[in-house]
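Architecture at a glance
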Amino acid sequence: MSAAKKFKLKPMLGLAIGAAMCYPAIQQSALSAAGEPLYNILSGTMFSSPVYIDFFGIPIISVDYTGTVIPVYINNVMTLGYDNVMMPFFACTFATSAVVLAIFFKTKDKQLKEMAIPNFISGIFGVTEPAIYGILLPLKKPFIISCIAGGIGGAFYGHFNFRKFILGVMGIFELPNMMNPDGTMGNIIVAFVGIGITMVIAFALTMIFYKDKEPAAVSAGAGTDDVTANVAADAKQIAASDSKTQVADAAQKTGGDKAIEEEKREITIASPLKGKLVKLSDVKDEAFSSGALGLGVAVMPEEGAVYAPADGTISAFFPTGHAIGMTTADGVELLIHVGMDTVQLEGKGFTPLVKVGDVVKKGQKLLEFDMDLITNAGFSLVTPVLVANSAEYADVVAVGKETISSGDKLLSVHR
């Protein structure tokens, strides 16, 4: 199904092909049990394969499509007493871990630094997904470095025929599985040397080549989907010149009038939704709960509509309709993200009513969304409302209520 979507086919076609390839009568195990092969192709090479059936004279190389790499993890150990097919990839775990450790020492970004150590620890124990998807892929260059270091370590393991003799576990817990049953220590020594080579290369390359991005870019990429990061970044870029102009105009108009300046010291942002308030720290997505994308609050909506929380301009509106960037007339850059991971719906259930560049008034409807469709698809409706440029202000304070209506005061932004 994933391949069909990637190649822009109907998902059902991908499912049908997958189902057909699992048809029992064409599996190698079934064909080999039924009789001898018609002939072998590429005989005498490592690619030698028996041919049991053909299609108009074209040989069909049969395999068991119902099993892939792991059944091979199992067959080798059962027949050879060891497996060396997957062992070069053992290096990648430690390459990833070393890269995030180097980022911890190199970065000045507080949020990124806080994420690095937990991701390093989980990586050492074999769970690298948090580091890959939370740090390396969003930052791009560190991911490339981890691939290079992992490749070098894997080449070392391949050259020395690195093996494992028992299946199971990952990371450093996998090391006992590499102790040769005959009591020799050569294989386990190769394991430790490979770890050392991989981690030193990954750490050194990261320390040399990694540089922090602009604070906004790093924060936006530190732990949510790239879509949200792009929306936040676009909102900042588009709004930058307008914000400076508005600030300059405001200063000129006040003419040093302290009374007017004091009145403008607090900016009120209304709620774009009706529903129950949720503390940002309680949102189950670290990019939002940590404040990496900005300060604010979240709303669990009770109706499927988003309204403009102030007068301003739509600075970003992602094509899937789930996230809106807006710059208010006072220069506050807002990000409204409807639901968690709703980018995966690819626009289903969202009906945008405005577009980028539109000037909107407070209370104007910006978006309609199908609450039932989103929840039935398994996604949370919790909607963060963030001040993306909160670093430019003294504080952002949410109202102390449990429920709120659209148009009610939601946030106080202090200059």
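As the structure is a computational prediction, the values presented were derived from the model and not from experiment.

**Examining the overall build of the protein**
Looking only at helices and strands, the protein has 14 helices and 17 strands in total. Put simply, the protein has 415 residues, and 42% of those count as buried. The long-range share in the protein, meaning contacts at least 24 apart out of those at least 6 apart in sequence, stands at 68%. Of the roughly 21,800 Å² that the protein leaves accessible, carbon and sulfur atoms contribute 62%.

**Topic: the pattern of salt bridges**
Per the stated rule, a full pass over the model turns up five salt bridges. Its salt-bridge partner being Asp358, residue Lys355 comes within 3.3 Å of it at the nearest N-O pair. Take Lys355: its relative accessible area is 55%, and that puts it in the exposed class.

**Things to note about the layout of surface pockets**
Taken as a whole, the second largest pocket encloses approximately 490 Å³ of empty space. The wall of the second largest pocket is formed by 20 residues, among which Phe89, Cys92, Thr93, Gly126 and Thr128 lie closest to the centre. Looking at the lining of the second largest pocket, the elements that each hand over two or more residues are α5 (90-106), α7 (129-139) and α8 (141-159). Its residues assigned to classes, the lining of the second largest pocket comprises eleven nonpolar, six polar and three charged.

**Here we look at the state of the cysteines**
Cysteine pairs can be linked by a disulfide, which is a covalent bond between their two sulfur atoms. Tallied over the entire structure, the rule returns zero disulfides. No disulfide involves Cys147; its sulfur sits 7.3 Å from the nearest other cysteine sulfur, which is in Cys92.

**Points about unusual backbone geometry**
One non-glycine residue with positive phi stands out, namely Lys8, at about 60°. Mapping Lys8 onto the fold places it in the loop between α1 (2-6) and α2 (11-21). Within the chain, Lys140 stands out as a residue other than glycine whose phi angle is a positive 65°.

Rules and cut-offs
Residues numbered from 1 in each chain as written. Predicted model: local features only at pLDDT ≥ 70, side-chain atom pairs only at ≥ 80, totals over all residues. Heavy atoms only, no water. Helix = DSSP H or I, 4+ residues; strand = E, 2+ residues; numbered from the N terminus. Buried < 20%, exposed > 50% of the residue type's maximum accessible area, 1.4 Å probe, protein only. Contact = heavy atoms within 4.5 Å. Areas by Shrake-Rupley, 256 points an atom, 1.4 Å probe, with all protein chains shown as cover. Salt bridge = Lys/Arg side-chain N within 4 Å of Asp/Glu carboxyl O. 1 Å grid on protein atoms, 1.4 Å probe; cavity = no way out; pocket = protein on both sides within 12 Å on 5 of 7 lines; lining within 4 Å. Points joined across faces, edges and corners; volume = space filled by probe spheres on them. Nonpolar A, V, L, I, M, F, W, Y, C, P; charged D, E, K, R; others polar. Disulfide = S-S within 2.5 Å.

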